[in-house]
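Chain by chain, the residues:
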Amino acid sequence: MYLPTELPHCVLRPWRAEDKPALLWYANNRKVWRNLTGMFPHPYAEADADRWLAVAASSDASIYLAIEARGQAAGSISVIADENTGQHTGQIGYWLGEPLWGQGIATASVRSLAAYALARPRFERLEAQVLAWNPPSMRVLEKAGFTREGVLRQNVFKDGDLIDSVMYARVRNA
Ligand SMILES: CC(C)(COP(=O)(O)OP(=O)(O)OC[C@H]1O[C@@H](n2cnc3c(N)ncnc32)[C@H](O)[C@@H]1OP(=O)(O)O)[C@@H](O)C(=O)NCCC(=O)NCCS
């Protein structure tokens, strides 16, 4: 799958084995790790990159894409499919290499993947939980049509702190 974005130098496309050096370079960053929930490791080692490239190659209902900026894989964007009663919900997650921050790349990427995912029968709702100390990501989601639904108080323990997260979602018919 290859998804264009509104930025001519930025596309979303499947991860490739040859992306490993760029993945290691950009992912091994505490400022990226600090803003992500889940299993994203720090430091980010070769084995972590191998594991990620294998996950990203799996063919289930989830969507795993590299953010390619100026010809190089510089970040990641995914929609993870929920199961059971949440089967029409997808968890959207993304990160971008720090040297590329502030150029609208995450916004363009979220807009593109959200439009694509919500046009598929599987996804009626996309959601993201943003850590309270991450206003740039909240801004990205707002610019991509997501709505702030509420605060989940003290529901994340990250980097030694118990903090709030903010639920953002975009639904197909709204
Ligand atoms: C969050 C992240 C994806 C943003 O990527 P990006 O390409 O720099 O984002 P964009 O350039 O598209 O947009 C960033 C917006 O945040 C704004 N912003 C930056 N710092 C800000 C701050 N301290 N407070 C409020 N807004 C801020 C920018 O001004 C911009 O908004 P604008 O276009 O209205 O001016 C990137 O910083 C990142 O990968 N961070 C680490 C991982 C992460 O946080 N992932 C998301 C987890 S929910």
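Preceding this section is the structure that the text describes.
All residue numbers refer to positions counted from 1 along the written sequence of the respective chain. Local features in this predicted model are restricted to residues whose pLDDT is 70 or higher, and side-chain atom pairs enter the listing and the counts only when it is 80 or higher, whereas totals over whole chains, interfaces and linings include all residues.

S.K.: Talk me through the overall build of the protein; I want residue IDs and the actual numbers.
M.R.: A count of helices and strands for the protein gives five helices and eight strands. Reading the helices (α) and strands (β) of the protein from amino to carboxyl end gives β-β-α-α-α-β-β-β-α-β-α-β-β. For the C-alpha atoms alone, the extent of the protein along its principal axes is close to 40 × 40 × 35 Å. Within the span of the protein, comprising 174 residues, buried residues form 30% of the whole. Taking contacts inside the protein between residues at least 6 apart in sequence as the whole, the part at least 24 apart equals 59%. Helix and strand assignments come from DSSP, with helices taken as H or I runs of at least 4 residues and strands as E runs of at least 2, each series counted from the N terminus. Exposed residues have 12 or fewer other C-beta atoms within 10 Å of their own C-beta, buried residues have 20 or more, and residues in between are partly exposed; the C-beta atoms are placed from the backbone. By the convention adopted here, residues are in contact when the distance between their C-beta atoms, placed from the backbone, does not exceed 7 Å.

S.K.: A description of the nonpolar core should follow, citing residues and the corresponding values.
M.R.: Only buried residues count toward a nonpolar core: Ala, Val, Leu, Ile, Met, Phe, Trp, Tyr and Cys, linked into one set through C-beta atoms within 7 Å. Ile67, Ile92, Val110, Leu113 and Leu141 are the most contacted members of the largest nonpolar core, which totals 41 residues. Ranked by the residues each element gives to this core, the list is headed by helix H4 (residues 105-118), at seven residues. What Ile67 contacts, discounting residues up to four positions off in sequence, is Cys10, Leu12, Ala74, Gly75, Ser76, Ile77, Leu96, Ile105 and Ser109.

S.K.: Give a description of H4 that names residues and reports values.
M.R.: For a helix, the expected span equals 1.5 Å multiplied by the residue count minus one. For H4, which comprises 14 residues, the first-to-last C-alpha distance of 20 Å matches the rise-based estimate of 20 Å (1.5 Å per residue) to within 8%. Listed as buried for H4 are Ile105, Ala106, Ala108, Ser109, Val110, Ser112, Leu113, Ala114 and Ala117.

S.K.: Lay out the sheet that holds strand E6 (residues 125-131) with the relevant residues and their values.
M.R.: Strand pairing is assigned whenever DSSP identifies at least 2 bridges connecting the two strands. Here eight strands make up an open sheet; going across it, the order is E1-E2-E3-E4-E5-E6-E8-E7 and the pairing mixed. Each of the sheet's edge strands pairs with one partner strand only, and the pair in question is strand E1 (3-4) and strand E7 (147-158). Inspection of the sheet shows E6 paired to strand E8 (residues 161-171) by seven bridges, in the antiparallel sense. Across the sheet, residue Val130 finds its bridge partner in E8, namely Val166. Of the strands in this sheet, E6 and E8 touch helix H5 (residues 135-143), which is tilted by about 160° from E6. Angles run from 0 to 180 degrees between N-to-C directions of axes, and those axes are lines fitted to C-alpha atoms, restricted for helices to the stretch in contact.

S.K.: An account of the pairing of E6 is requested, with residue identities and associated values reported.
M.R.: Where strand E5 (residues 89-96) meets E6, three bridges bridge the pair, whose relative direction is parallel. Within the sheet, the bridge partner assigned to Thr89 lies in E6 and is Arg125. Clockwise travel from the first strand over the helix to the second, with the strands pointing away from the viewer, marks a crossover as right-handed. What joins E5 to E6 is H4, and the crossover it makes is right-handed.

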